[in-house]
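# Notes for the structure review
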Amino acid sequence: MSIREINIFEYAGEIFKALPKGILLTSEAEDCINAMTIGWGSIGIEWGKPIFTAYVRESRFTYELLERTGEFTICAPYGEKYAKEAAKIIGMCGSISGREVDKLAKAGAHLVDAEMIRPPAIKELPLTIECRVVFEQVQPVKKISYRFKNFYPTDSEGVADEHIAYYGEILKSYIIEE
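Quick caveat: nothing in here was measured; it's all calculated off a predicted structure.

### Some points on the side chain of His-163
Note that His-163 resides in strand S10 (residues 163-177). On the basis of relative accessible area, His-163 is assigned to the buried category, the value being 6%. Here Tyr-152 takes part through its side chain, which lies 3.0 Å from a polar atom of the side chain of His-163. The contacts of His-163, once residues within four sequence positions are left out, are Trp-40, Tyr-55, Val-56, Arg-57, Gln-137, Val-138, Gln-139 and Tyr-152.

Printed below as a string of structure tokens:
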């Protein structure tokens, strides 16, 4: 297995094409590895650096891990070789909590050591971005347009589960190849 380093801006279209079906955000802390399916994200330039912005609700296990380590990988499907396996892994990681079970093991994912951070890449989702959080910000629901309020159901006390926007500096991007 090898990695082919890429310019993420040349592959941003692949990420954006995959997002509506789901890609993975992988986090790790104290030897606990977790992956969460995400359908929102953006790639851009902030502070003169390439950035991937990921949105994670405070109630998610991933939030706890990100708050401890400030590192994550973004892993997206690429090509047809692992399409079935990728869909299974994405589905599993989007349906159960990592607090309860090792989702990646249960889904049969093959972890690949990242080059610059702790959270691993995933062989079956070979388009990989390694990120270190450089800024985070709560997205207050009261500041979001009324058109998008349906994304924020409230609990019995009327409190919405807000997202934290994690701005991750892209340290390295690559495709895992065999």
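### A closer look at the environment of Ile-8
Its place among the elements puts Ile-8 in helix H1 (residues 8-18). Sequence separation of Ile-8 and Pro-77 is 69 residues, and the distance between their C-alpha atoms is 14 Å. Discounting chain neighbours no more than four positions away, the residues touching Ile-8 are Ile-15, Ile-43, Ile-129, Ile-170 and Ser-173.

### A short note on unusual backbone geometry
We note that Asp-31 has phi near 65°; this positive angle belongs to a residue other than glycine. Taking relative accessible area as the criterion, Asp-31 reaches 68% and is therefore assigned exposed. The phi dihedral of Trp-47 falls on the positive side, at around 55°, and the residue is not glycine. A relative accessible area of 56% means that Trp-47 is categorised as exposed.

### Re the packing of aromatic side chains
Scanning the entire structure with this criterion turns up six aromatic pairs. With 6.1 Å between their ring centres and 65° between their planes, Trp-47 and Phe-135 make a pair best called edge-to-face. With Trp-47 in the loop between strand S4 (42-46) and strand S5 (49-57) and Phe-135 in strand S9 (residues 127-139), the pair connects residues that are 88 residues apart, well separated along the chain. Look at Phe-135 and you get partly exposed, because its relative accessible area is 35%. Relative to Tyr-167, the ring of Trp-47 lies with its centre 6.0 Å away and its plane at 65°, an arrangement referred to as edge-to-face. Here Trp-47, found in the loop between S4 and S5, pairs with Tyr-167, found in strand S10; they are 120 residues apart in sequence, far enough to count as distant.

Calculation notes
Residues numbered from 1 in each chain as written. Predicted model: local features only at pLDDT ≥ 70, side-chain atom pairs only at ≥ 80, totals over all residues. Heavy atoms only, no water. Helix = DSSP H or I, 4+ residues; strand = E, 2+ residues; numbered from the N terminus. Buried < 20%, exposed > 50% of the residue type's maximum accessible area, 1.4 Å probe, protein only. Polar contact = N/O pair within 3.5 Å; in protein donor to acceptor, adjacent residues only side chain to side chain. Contact = heavy atoms within 4.5 Å. Phe/Tyr/Trp six-rings, centres within 6.5 Å; stacked < 30°, edge-to-face > 60°.

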